[in-house]
Amino acid sequence: MDNLLMEIIERNRNLVRNGKVADYIPALGKANPEDIGVCVADLEGNIYKAGKYNKKFTIQSISKVIGLMLALIDNGQDRVFEKVGYEGTDEPFNTLYKLDLPHVFKPANPMINSGAIITTSLVKGNGEEKFERILALIRKIADNPSIDYNHEVYMSEKSTGHKNRAMGYMMKSMGLINGDVESILDCYFKQCSIEVDAVDLSKIGAFIANNCKGLDAYGKIDREKLTSILVGIMSTCGMYNFSSRYAVEVGIPSKSGVGGGIMGVVKSKMGIGVYGPALDENGNSSVGYGIMKDLSRELKLNLF
Ligand SMILES: NC(=O)CC[C@H](N)C(=O)O
């Protein structure tokens, strides 16, 4: 299996040229596009890996899955989806303008920035406590207590994230956000700056694939429902405005981040973590997409 993963990396390495490392968050621009890693964690506890699987990068939008998870545990399904929708969108992840349309009352889904700012706002905790709870949950489900956030990336996001700030205040004016917008954004920027590697992502994916089994408590939701919401939303919205094409070509519920990571969840089978920081025009890892496509074909994982 490790050999197959290495072969798949090499087969897709040329896709680096189709992408570009994100630099709208200046600190992300330092990543090396040639660093490519992959890891598969199955539900029996086996870990298969190849390439730069232990290269650290920031989790970015993949944290939206964990934000949604904790918001659901804290509030239950109905309260969360009063403030954010279930539906996919053909707008990019940082879209803002639809929030100002007369018939739009909430962000389309929790995987775009506006929707994720809502789920972060719904995570219980005052000030730092909100972030500490998100970090603790990631450490727990990745089974890695050393996971932490990257201060430089956090500061870089905080000082340049004006559009996210605009969304936060817009949604406050729409009555969707309770509490202090700046402190919610601060938590959002920090959660995006949490550093992981491909192994961590595969383990988080495996946790979800195993019906989210292993938490001490599930608060206002049961874990079967929690899992189907996470997996359903990842399949329809996880790759932003590329989600449907991705479903056709890969067919694995996945979430990407502009740090270059993709996390895949194959229910009852495995979690997958891929890293490749060069991004395509939708903000998804260009090599990561190729690797997921090949993995899906070779291991017959396409759900559809
Ligand atoms: N797509 C992403 O990974 C976006 C996350 C990034 N922190 C942002 O808010 O722009």
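Every value quoted in this text rests on a predicted model; they were computed, and no experiment measured them.

Undergrad: Sorry if this is basic, but what is going on with the overall build of the protein here?
TA: Helix and strand counts for the protein stand at twelve helices and nine strands. For 304 residues, the compact-globule formula gives about 19 Å, and the C-alpha radius of gyration of the protein, at 18 Å, lands near that figure. The principal-axis extent of the C-alpha atoms belonging to the protein is close to 55 × 40 × 35 Å. A buried classification covers 59% of the 304 residues belonging to the protein. Of the contacts made within the protein by residues no fewer than 6 positions apart, 70% connect residues no fewer than 24 positions apart. For the protein, the accessible surface area stands at approximately 12,100 Å², while carbon and sulfur atoms represent 50% of it. Computed over 36 positive and 36 negative side-chain charges, the separation of the two mean positions in the protein equals 2 Å.

Undergrad: Explain the sheet that holds strand 2 (residues 37–42) here, please?
TA: Taken together, five strands build an open sheet; the order of strands is 3-2-8-7-6 and the sheet is antiparallel. Edge positions in the sheet fall to strand 3 (47–51) and strand 6 (254–256), since each of these pairs with one other strand and no more. The average undirected angle you get between the axes of adjacent strands in this sheet is 10 degrees. Relative to strand 3, strand 2 runs antiparallel, the two sharing five bridges. Counted as the bridge partner of C39 is K49 from strand 3. Sheet strands in contact with helix 1 (residues 2–12) are strand 2 and strand 3, and its direction is about 35 degrees off that of strand 3.

What counts and how
- Residues numbered from 1 in each chain as written.
- Predicted model: local features only at pLDDT ≥ 70, side-chain atom pairs only at ≥ 80, totals over all residues.
- Heavy atoms only, no water.
- Helix = DSSP H or I, 4+ residues; strand = E, 2+ residues; numbered from the N terminus.
- Rg over C-alpha atoms; globule rule 2.2 N^0.38 Å.
- Buried < 20%, exposed > 50% of the residue type's maximum accessible area, 1.4 Å probe, protein only.
- Contact = heavy atoms within 4.5 Å.
- Areas by Shrake-Rupley, 256 points an atom, 1.4 Å probe, with all protein chains shown as cover.
- Lys, Arg positive; Asp, Glu negative; His and termini not counted.
- Charge placed at Lys NZ, Arg CZ, Asp CG, Glu CD.
- Pairing = 2+ DSSP bridges.
- Axes fitted to C-alpha atoms, helices over the stretch in contact; angles between N-to-C directions.

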